[in-house]
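Here is what each chain is made of, one letter per residue.
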Amino acid sequence: MTAMTVDHDEPAGTADDDTLVAQARAGDRAAFARLVERHYDFIHRVAYRLTGTPAEADDVAQDVAVRLGRAIRGFRGGSAFTTWLYALTLNAVRDGARRRAREAAKAEAWAAQALVEGAAVAADDPVEALWEAVRALPDKQRDAITLVHGEGLSHAEAAAAMACAETTVSWHVHQAKKRLRRMLAAGED
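Residues numbered from 1 in each chain as written. Predicted model: local features only at pLDDT ≥ 70, side-chain atom pairs only at ≥ 80, totals over all residues. Heavy atoms only, no water.

Peer 1: Describe helix α1 (residues 17-25), naming the residues involved and giving the relevant values.
Peer 2: For α1, the full list of buried residues reads Asp17, Leu20, Val21 and Ala24. All buried residues of α1 lie within an arc of 100° about the axis, which places them on one face of the element. Phi turns positive, to about 100°, at Gly27, one or two residues after α1. (Buried < 20%, exposed > 50% of the residue type's maximum accessible area, 1.4 Å probe, protein only. Helix = DSSP H or I, 4+ residues; strand = E, 2+ residues; numbered from the N terminus. Arc of directions from axis to C-beta.)

And the structure:
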């Protein structure tokens, strides 16, 4: 898996995240807008890796931007701003999954039309097949694999984003790799 990182190349004189966060926490809407603009693609990319569909990733990214507006004053700077964004994004993906599960249950209960699912994975695209398998993992395993292998975070950084111990992230990654091997081997039969 290839790691993708956030590009922080900014023009000279552009405020760093810490400065923009401080300004946004003080009510500076322009600073908040710059933070969202600076990190929107990052949020969307993580959301896409976790959800697998552009439409869901769009919804999650917009949801995170709204949540960020409400939560920015609560950011204390105990970790990097991007680590905090990972956590917000992971939570938004989980909330979206729970919301979709409730909607699906309602639809079944009322015998409504089945919910439309995302596009099928191309049989000849092994990378997309792998990410489809990652999305089928249990939440914690999926999150750990996405952050460590998809985003290139260290186990310590992923632990901060997932609000758990570094050893827990290592265990989730180990379990996910074992499960992925079995899932992909079964798919080749």
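Next comes the rest of the write-up.
Peer 1: Pulling in residues and values, what's your account of the packing of α1 against helix α2 (residues 29-51)?
Peer 2: It is the contact of α1 with α2, at a shortest axis distance of 8 Å, that shows an interaxial angle of 135°. Between α1 and α2, the angle falls in the class oblique. Taken as a pair, α1 and α2 cross one another with a handedness that is left-handed. Along the contact surface, α1 presents Asp17, Leu20, Val21, Gln23 and Ala24, while α2 presents Ala31, Phe32, Arg34, Leu35, Arg38 and His39. (Axes fitted to C-alpha atoms, helices over the stretch in contact; angles between N-to-C directions. Parallel < 35°, antiparallel > 145°, perpendicular 65-115°, else oblique. Left-handed = near helix turned anticlockwise from the far one by under 90°. Contact = heavy atoms within 4.5 Å.)

Peer 1: Describe the side chain of Arg135, with residues and values.
Peer 2: Position of Arg135 among the secondary structure elements: in helix α5 (residues 126-135). A polar contact is formed between the side chain of Arg135 and the backbone oxygen of Arg49, at a distance of 3.4 Å. Once residues lying within four places of it in the same chain are set aside, the contact partners of Arg135 are Tyr48, Arg49, Leu50, Thr51, Gly52, Glu128 and Arg142. (Polar contact = N/O pair within 3.5 Å; in protein donor to acceptor, adjacent residues only side chain to side chain.)

Peer 1: An account of α2 is requested, with residue identities and associated values reported.
Peer 2: Bending of α2 peaks at approximately 50° at the position of His39. Capping the start of α2, Asp28 holds a side-chain oxygen 3.0 Å from the backbone nitrogen of Ala30, two or three residues further along. Immediately beyond the C-terminal end of α2, within one or two residues, lies Gly52, with a positive phi of roughly 90°. (Bend = angle between axes of the 7 residues up to and from the residue.)

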